[in-house]
Amino acid sequence: MRIETDDLTHPEVLALLNEHLSNMYELSPPESVHALDVSKLRGADITFWSVWGDDGRLLGCGALKQLTPTHGEVKSMRTPALLRRQGAGRAVLAHILGVARERGYERLSLETGASDAFRPAQQLYECFGFTHCGPFGSYREDPHSVFMTRALDR
């Protein structure tokens with residue numbers, strides 16, 4: 001598989017992001033959905049990557065948002081429903097961690113959902129050393145959100 005910096009113009013990527021947003025609104029109340037739409041993912045403070053299989057299929061995506069010069073946030077982690085459990089999530093998360101270290105970030109954080117549907121994502125983050133924390137950045141306490149963070153070594 002290969003991970004590419006993505007300009008958010010591939011139809012497959014746009015479809016995956018639409019699936020992601022739709023699914024987030026199915027699982028959480030609107031005020032608790034923090035997934036970004038394409039226009040926000042194109043912001044100067046965000047780098048977005050797509051993950052492609054050797055056969056050319058889109059396997060997933062993820063993004064890194066700069067919160068401060070030393071703190072980043074994982075955003076838009078998604079794999080297509082029919083292509084899960086192939087390692088794309090692990091691969092893109094490892095890539096994001098590497099880029100965050102290269103940028104000199106001292107901390108990487110994320111927000112995910114609190115319902116059982118989000119437990120596999122929480123377990124993935126835990127495998128990468130993320131632990132539960134309180135809200136960070138502009139987030140506020142929310143019973144539908146789980147906040148996680150980890151310190152980064154160089």
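Numbers given for residues are sequential positions, taken from 1 along each chain in its written order. Given that this is a predicted model, residues contribute local features only at a pLDDT of at least 70 and side-chain atom pairs are listed and counted only at 80 or more, while totals for whole chains, interfaces and linings are drawn from all residues. Hydrogen atoms and water are omitted, and side-chain values are computed over all heavy atoms in the structure.

A.B. asks: What should I look at first to understand the overall build of the protein in this one?
C.D. replies: Think of it this way: any DSSP run of H or I at least four residues long counts as a helix, any run of E at least two long counts as a strand, and we number them from the N terminus. Along the backbone of the protein there are four helices and seven strands. Reading the secondary structure of the protein in the N-to-C direction produces β-α-α-β-β-β-α-β-α-β-β. Using C-alpha atoms as the atom set, the radius of gyration is obtained and then compared with a globule rule of 2.2 Å times the number of residues to the power 0.38. Computed over C-alpha atoms, the radius of gyration of the protein comes to 14 Å, within 12% of the 15 Å expected from 2.2 N^0.38 for 154 residues, which places it in the range of a compact globule. Referenced to the eigenvectors of the C-alpha coordinate spread, the extents of the protein come out at roughly 40 × 35 × 30 Å. With 154 residues in all, the protein has 47% of them scored as buried. The contacts of the protein with a sequence gap of at least 6 include a subset with a gap of at least 24, amounting to 62%. Counted as positive: Lys and Arg. Counted as negative: Asp and Glu. His and the chain ends are not counted at all. A charge is said to be at NZ when it belongs to Lys, at CZ for Arg, at CG for Asp and at CD for Glu. Placing the 17 positive and 20 negative side-chain charges of the protein at their respective mean positions leaves the two points 4 Å apart. Working definition: with a 1.4 Å probe on protein chains only, accessible area under 20% of the residue-type maximum means buried, over 50% means exposed, and in between means partly exposed. Residue contacts follow a heavy-atom distance rule, with two residues in contact if any of their heavy atoms lie within 4.5 Å.

A.B. asks: Before we go on, may I ask you to explain the nonpolar core in this structure?
C.D. replies: Within soluble globular proteins, side chains that are nonpolar tend to cluster in buried spots. One finds L64, V74, M77, L93, I96, L108 and F130 to be the most contacted residues of the largest nonpolar core, which totals 23 residues. The biggest single contributor to this core is helix α3 (residues 88-102), with seven residues. Working definition of a nonpolar core: buried Ala, Val, Leu, Ile, Met, Phe, Trp, Tyr and Cys residues. They are joined through side-chain atoms within 4.5 Å. Counting 13 residues, the second largest nonpolar core, distinct from the first, contains V13, W52, L58 and C61.

A.B. asks: What's the story with the packing of α3 against helix α4 (residues 119-127) in this structure? I'm lost.
C.D. replies: A pair of packed helices is captured by two measures, namely the crossing angle of their axes and the spacing between those axes. Lines fitted to the C-alpha atoms define the axes, with helices restricted to the stretch that makes contact. Angles between their N-to-C directions range from 0 to 180 degrees. Where α3 meets α4, the axes come as close as 11 Å, and the angle between the chain directions of the two elements is 45 degrees. Judged on the interaxial angle alone, α4 and α3 are oblique. Of the two elements, α3 crosses α4, and the hand of that crossing is right-handed. Contacts between α3 and α4 involve G89, R90 and L93 from the first element and L124, Y125 and C127 from the second. The residue inventory of the contact of α3 with α4, partitioned by class, reads four nonpolar, one polar and one charged. By the definition adopted for this analysis, an angle is roughly parallel if under 35 degrees, roughly antiparallel if over 145, roughly perpendicular if from 65 to 115, and oblique otherwise. Crossings are sorted by hand: turned counterclockwise from the far helix by less than a right angle, the near helix makes the crossing left-handed, and turned clockwise it makes it right-handed. Three classes are used, and their members are as follows: Ala, Val, Leu, Ile, Met, Phe, Trp, Tyr, Cys and Pro are nonpolar, Asp, Glu, Lys and Arg are charged, and the others, Gly among them, are polar.

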